[in-house]
Amino acid sequence: MFEALSEPRGVAYTAIFFSSGLICLLLIPRAQSFDDREIRTGLVWLLATTGAWGLLKTAFFLFPPSLREPAYIIGLVAGFATVWAWLYFCSAYTSRNFHRERSLRRLGAAIFVVVVGIKLTNPIHKQYFTANESAEPFQHLAIEHGLIHWSATGLSYILAAVGLFMIFELYVRSEYETRPLAALAVLLALPVVLDIIALSTPHLINFIYAPIGVALFAVGVLFAFQERLVAVGTALPGGAASIYLDEEGRVKDMSVAATELFPALNGTTGNSLMEVLPEVAAVVDDNEPILAVKDSGATRYYLVETNPVGLAGSAAMVVTFSDVTALERKRRQLSSREDELDKQNELYRAILAASFDFVYRVDRDGRITFVSPRVEEALGYGPADLIGKPVDALASTKESAKQARQYNTDVLNGNAIEIQDFPLESRDGREVYADVRVVPLYEPGVPNAERTPEDIIGAQGMVRETTDRHRREGLISVINRVLRHNVRNKLSVITAYARMLSDDLDGEQAAHARQITDSANRLLDLTESARKIEQAREQSPQLAPHDIIPLLDEGVTQIEQQYPNASVSVDMPESAVALTLPRLETAMYELLENAAKHSGDSPSIELSVDVGAEHVTVTIADDGPGLPTNEREVLATGAEDPLVHGSGLGLWLAYWIVTTLDGEITILDADKGTTVALTLPKPEDEASRL
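The rules behind these values
- All residue numbers here refer to positions counted from 1 along the written sequence of the relevant chain.
- Owing to the predicted nature of the model, reporting of local features is limited to residues with pLDDT of at least 70; listing and counting of side-chain atom pairs is limited to 80 or more, with chain, interface and lining totals taken over all residues.
- With hydrogens and water excluded, all non-hydrogen atoms of the structure serve as input to the side-chain values.
- Salt bridge criterion: a side-chain nitrogen from Lys or Arg within 4 Å of a carboxyl oxygen from Asp or Glu.
- We count a stretch as a helix when DSSP gives it H or I for four or more residues in a row; a strand needs E for two or more, and each element gets its number in order from the N terminus.
- Categorising residues by exposure relies on relative accessible area from a 1.4 Å probe, with only protein chains included: less than 20% of the type maximum marks a residue as buried, more than 50% marks it as exposed, and the intermediate range marks it as partly exposed.
- In this scheme, patches are assembled from residues that exceed 30% relative accessible area and form no salt bridge. Like charges are connected within 9 Å, while nonpolar side chains (Val, Leu, Ile, Met, Phe, Trp, Tyr) are connected within 5 Å.
- Areas reported here follow the Shrake-Rupley algorithm with a probe of radius 1.4 Å; residue values treat only the protein chains shown as occluding.
- Between any two strands, at least two bridges found by DSSP are needed for them to pair.
- Angles shown run from 0 to 180 degrees and are taken between the N-to-C directions of axes, each axis being a line fitted to C-alpha atoms and, for helices, limited to the stretch in contact.
- In this description, contact between two residues means that some pair of their heavy atoms is separated by no more than 4.5 Å.

Once their charged atoms are close, side chains differing in charge can pair, the charge on each being opposite to the other. For the coordinates displayed, the defined rule picks out 11 salt bridges. Two residues, Arg332 and Glu328, come together in a salt bridge whose shortest N-O distance is 2.8 Å. With Arg332 and Glu328 both in helix H14 (residues 325-355) and 4 residues apart, the pair spans about one turn of that helix. You can call Arg332 partly exposed: its relative accessible area is 40%. In this structure Glu328 comes out as buried when scored by relative accessible area, which is 4%. With a closest N to O distance of 2.4 Å, Arg405 and Asp392 form a salt bridge. With Arg405 in helix H17 (residues 398-412) and Asp392 in the loop between helix H16 (383-386) and H17, the pair connects residues that are 13 residues apart, well separated along the chain. On the accessibility criterion, Arg405 (42% relative accessible area) is partly exposed. Through salt bridges with shared partners, a single network forms among Glu328, Arg331 and Arg332.

It is generally the case that most residues other than glycine have a negative phi and that most peptide bonds are trans. A positive phi angle is found at Asp421, which is not glycine, with a value near 55°. By relative accessible area, which is 19% here, Asp421 ends up buried. A positive phi angle, close to 65°, is found at Asp662, a residue other than glycine. Relative to the elements of secondary structure, Asp662 occurs in the loop between helix H23 (649-660) and strand S18 (664-668).

Next up on the list: a nonpolar patch on the surface. Judged by side-chain polarity, Phe18, Leu22 and Leu26 come together as a nonpolar surface patch covering roughly 280 Å² of accessible area. Within the secondary structure, Phe18 sits in helix H1 (residues 8-26).

On to the sheet that holds strand S9 (residues 368-371). With antiparallel pairing, the 5 strands of this open sheet are ordered in space as S9-S8-S12-S11-S10. Both edges of this open sheet fall to S9 and strand S10 (417-425), since each of them pairs with a single strand only. Direction aside, neighbouring strands of the sheet carry axes that sit 30° apart on average. In terms of strand pairing, strand S11 (residues 431-442) meets strand S12 (residues 456-465) through 9 bridges, oriented antiparallel. Residue Val439 lies in a different strand from S12, and its bridge partner there is Gln460.

Its location among the elements puts Tyr88 in helix H4 (residues 65-93). In sequence terms Tyr88 and Glu38 are 50 residues apart; their C-alpha atoms lie 8.2 Å from each other. Ignoring sequence-local partners within four residues, the contact set of Tyr88 consists of Glu38, Thr41, Gly42, His99 and Arg105.

In structure tokens, the structure reads:
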């Protein structure tokens, strides 16, 4: 039963294969300490299959004759499995993807199944090997391999050589010292030499000695050079900068690129990194990923990565440096822009908080997607109460709800709108009035000049509560209408009786009656101006392009009819488009009438229009005595105090209309009379044509 142990050579064979198998199995826990899962998997399976193969070869010498051949066959299966474990390890260690590709894995599995099937069925076909008792060089069961065996073995050697090629290629590309590792890899090929020698001499049995080489390789890489093995596999190939540090933080090796990046590294093997490159050591210790390096006056940025290379918690590591200058500069630019954007957003929020009570956004379906928290102060609703609701959810009446939907449609068609005193309903059922400004929101990235309604993704509205103002203006409007109505009625009676008296009386008494009539007429003029002011107040403030020439022509015609003695000279182009509204005609009339009324019996008025690059300027000049100081104050500042004198209401109306149309009124210096200039904005498209 133990014939092999009866002779020294048999004992040596048994001991060698038993030792190689046992060593491989005992090294599995150490191999499991590798951090990289795929390298760990490949190495563990290589050790497991080789260890099983070595022990099965040992069993071949120790088992009774009837079990030796089955033990050898199972050993052949384990031996063929080592090839695939070796390829998996080599692919993972050299950072390739062969071991992950499904097609290669399926092909390998198919080849493995076919070859194993041939080996397991050898007792039937006897084409893989035959076995006969032999006494040379000791008593054993001699194996005579057939052609199929040598074909399978040749395939195994070729596949093993592919793995060796991947490893040696990595060693060649690596800039680290790899000669010890290369020597260990050569040990894997040493058993092949023994296999060849066994074919030509009777002193060695024909038995495949591969487990011995794997055991030697495993001992070397897992004990003597395990840190360098991982360091070489971890360092970035192809000229990348990397430094290999031992457990004490001393420099053990470095790439050429590292010495070019850090000239201080030259000749520092064995020295502490903290002494050689304190700035790098600080980055490594602080886990700060980006290192700034001055290069010819410019700053370059490197991503610093540390990869442990030891086993069982060893502190040895490889420090790699990847040039990320372009990305880091862009990141810093973006960070700076984000800081600036944060400041702008904060300013935007402050402006909104000062100007509006709350802000909301809706999508293209008219559903609310955002409401600022201050909506709760204004209406009693929390933002969560309104998200997902339709845009008309807060309207207080069916009519206002319909208007809200129409307004939203207008905005989604590309129009910005402003709504005054829009009625809303608060959570407790109160009717609340608000000014609302709504603008379209466009798809980000679309240039302003190319935007179309198809690019609109929603709308944003800014809301300011105006309930108190609405009530106040409503009260003022009621008082204004009631007083104006009563005053006009009473003044009409006074005027009628005063005229009758002036007709019936003579002399000084008739003059007194005419003074009553004139005073009553001036009061009637004031009530008419008040009516125009109220009409103008209720009109929309949304400006639009208008040709002001027809408006001026109409004003001149009215003045010529009302004051036939007035001479009005006009210097105007055929067209002058300004960004304004038709109510500008009222302001023009008030200024022209003021010039005609206060410039003597035969007033001379000059009206001119100048179309500039950004503005349209209307100038009205008369030859009268000039405006009194109090009425100049009305046109210059809009002051209301002169109104108490009874003659400034028309001028104040002109000032109020022009300024609400984004225009300006200026009193120009003149040698005689009064010269007033009105400056009106031009539409952007009109201004761009000049």
